There are 2 protein chains.
Amino acid sequence: MKHIQSRDNPFYKELVKLTASTRNRNKAGQTLLDGAHLLKAYLDAGYTPRHILLNAAALQDAEITSLRQRITGAPVTQLDDKLFAELSELKTPTGILALIDLPPAKIVTARFALLLEAVQDPGNLGSMLRSAAAAGCDAVFLSPACADAWSPKVLRAAMGGHFCLAIYEQQDLFKVAQGYSGKLLATTLQATDSLFDCDLTGNIAFMVGNEGAGLTPELRALATHPVTIPMPGAVESLNAAAATAICLFEAVRQRRAP
Amino acid sequence: MKHIQSRDNPFYKELVKLTASTRNRNKAGQTLLDGAHLLKAYLDAGYTPRHILLNAAALQDAEITSLRQRITGAPVTQLDDKLFAELSELKTPTGILALIDLPPAKIVTARFALLLEAVQDPGNLGSMLRSAAAAGCDAVFLSPACADAWSPKVLRAAMGGHFCLAIYEQQDLFKVAQGYSGKLLATTLQATDSLFDCDLTGNIAFMVGNEGAGLTPELRALATHPVTIPMPGAVESLNAAAATAICLFEAVRQRRAP
């Protein structure tokens, strides 16, 4: 097994670049998965990583060893603990990182889609991708102002949801919405129709806006079905990821086999 | 208006202590609300703050000025910008802080309650309190291992939800659950009953566990109705706050007036 001990190693420098910015990740077409859980979800989805990186403790770790046995054809490199820690965002790194190609989004006819406009908090974006994957959405479209879906924080928050979704970044949502053949839903406090009374059994796409500002008026105007989430409490306010989960799983409820 | 310019001012030192730890906040029975939005929600709920703190910019701010006109009887103190910034967690402070008494939790017969066990992420806890307030829950019970509900991060994430709920911290949830007269629901991947098929119209309490570990077996065993959230996607995984929102609003859906 190769062992990198110097910050000046050219491969290590490439890895550091990937952690530094969205731009570098897109240019390389690669990102890093941090930790055994994410790597397991990636393998479960049928993908193979490019390269495996370990720290010293990982060599003795039973979970990591059994994960490694599932991977054929990817080289494994040990990094000095200090170098490894600099690539990880975790305070206590699990000891394994995987270099992966950004999966190409497969073109799908979206029966159940999510359009995200300027969702900027990585935790919210990750939670939304995780909910979308669990709900069985087939595609998620992100506007250019969204957080980078393949950044370490979003990957961590989505817990593997990325690998079961077609994720389209840098999208002109106006065009996506105009070309969509199905119901376009947007939640708003002003609508008179309740989410719970709207038929969600056909082709549907939910549009979700920025955490503070909501959807831009231009995109909201394209909603064929503006709906409210009924809120009987004294405040009418939900976190954007919570509201998205409620919408997606009301659709799950209605779309169940009878 | 009093103007504090020195870190050695005794009142200022007391304020710094409040930001430092849960223990100090509980000892004083006070906390700080950061920003105009939270203060507005606090006033809307019928409470009056102890003391208002401003930075220089706030003296010129129209929103803050109109908020201040709603408050009678609370002294106002200006802090030097540097001192003010040290009390605020925000990178760009809105310029107003309110010193408040921790509201006493009113004893209620909970028709619709939430029991939170070891929910440790402040963003998740805040989102859950916000969802609970919007859904019309009447009480939330927190185990000792939960994040501090009255910390700045949780207050910010809950967006005023605190002021419409009875929040009981440091609770023995085992006792709370045993004494509850109604359905005790817990989501688990193992249950055979779907959330959507469970009658949620009577007295109900949802029990939610730690983000990683879920409910302890002891508390889960007290659930009268273990349920699953159906997940048709390729991953069976939801963020704890998203799962909580789905449960609470399925109850909202079922409890609507026909």
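Because the structure is a prediction, the values reported are computed rather than measured. Here the residue numbering is sequential within each chain, running from 1 through the sequence in written order. Written order decides the labels, with chains lettered from A and ligands numbered from 1. The predicted nature of this model means local features are confined to residues of pLDDT at least 70 and side-chain atom pairs, given and counted, to a pLDDT of 80 or more, with totals for whole chains, interfaces and linings taken over all residues. To get the side-chain values, take all heavy atoms of the structure and skip hydrogens and water.

A.B. asks: Explain the packing of helix 10 (residues 240–255) of chain A against helix 10 (residues 240–255) of chain B to me, using residue names and the numbers behind them.
C.D. replies: When two helices pack together, you describe them by how their axes are tilted relative to each other and by the distance separating the axes. With their axes 8 Å apart at the nearest point, helix 10 of chain A and helix 10 of chain B run at an angle of 60 degrees to one another. Comparing the axis directions of helix 10 of chain A and helix 10 of chain B gives the class oblique. The handedness of the crossing between helix 10 of chain A and helix 10 of chain B comes out as right-handed. Residue-level inspection shows A242, A245, I246, F249, E250 and R253 of chain A of helix 10 of chain A in contact with helix 10 of chain B, the latter providing A242, A245, I246, F249, E250 and R253 of chain B. A fitted line through C-alpha atoms serves as each axis, taken over the contacting stretch for helices, and the angle formed by two N-to-C directions is quoted from 0 to 180°. The secondary structure listing takes helices from DSSP runs of H or I that are at least 4 residues long and strands from runs of E that are at least 2 residues long, numbered from the N terminus. We call two directions roughly parallel when the angle between them is under 35 degrees, roughly antiparallel when it is over 145, roughly perpendicular when it lies between 65 and 115, and oblique otherwise. Handedness of a crossing is defined here by the sense of rotation of the near helix relative to the far one, left-handed for an anticlockwise turn of less than a right angle and right-handed for a clockwise turn. We call two residues in contact when some of their heavy atoms are within 4.5 Å.

A.B. asks: Run through the domain arrangement of chain A, naming residues and quoting values.
C.D. replies: All names here are of chain A. Looking at the assigned domains, one finds that chain A contains domain 1 (2–101) and domain 2 (112–255). Placing a centre on the C-alpha atoms of domain 1 and another on those of domain 2 gives a separation of 31 Å. Defined here as a combined quantity, buried area equals the accessible surface (1.4 Å probe) lost by two parts on assembly, summed across both. When the buried surface of domain 1 facing domain 2 is broken down by residue, R25, L38 and E89 rank first, second and third, together holding 38% of it. Salt bridges are defined as contacts in which a side-chain nitrogen from Lys or Arg sits within 4 Å of a carboxyl oxygen from Asp or Glu. At the junction of domain 1 with domain 2, the criterion picks out two salt bridges. Its salt-bridge partner being E89, residue R156 comes within 3.6 Å of it at the nearest N-O pair. Nitrogen and oxygen atoms within 3.5 Å of one another constitute a polar contact, given that in protein one can donate a hydrogen and the other can accept it, and given that sequence-neighbouring residues count only through two side-chain atoms. There are three residue pairs in polar contact (both at pLDDT 80 or more) connecting domain 1 and domain 2. Counting residues per element, the ones that place at least two in the side of domain 1 that touches domain 2 are helix 2 (22–28), strand 2 (30–34) and helix 3 (36–44). Throughout the structure description, domain borders are defined by an automatic or database domain assignment.

A.B. asks: So what's going on with the sheet that holds strand 6 (residues 112–116) of chain A? Residues and values would help.
C.D. replies: Residues and elements named next belong to chain A. Pairing is parallel in the open sheet, where six strands are placed in the order 8-7-6-10-9-11. At either margin of the open sheet sits one strand with a lone partner, and together these are strand 8 (166–168) and strand 11 (225–227). Looking at each pair of strands side by side, their axes are set apart by 20 degrees on average, direction ignored. In terms of strand pairing, strand 7 (residues 139–142) meets strand 8 through three bridges, oriented parallel. Pairing of A139 across the sheet is with A166, part of strand 8. Of the strands in this sheet, strand 6, strand 9 (183–187) and strand 10 (204–208) are in contact with helix 10, which crosses strand 10 at around 170 degrees. Here, a strand pair is defined by DSSP locating no fewer than two bridges between the strands.

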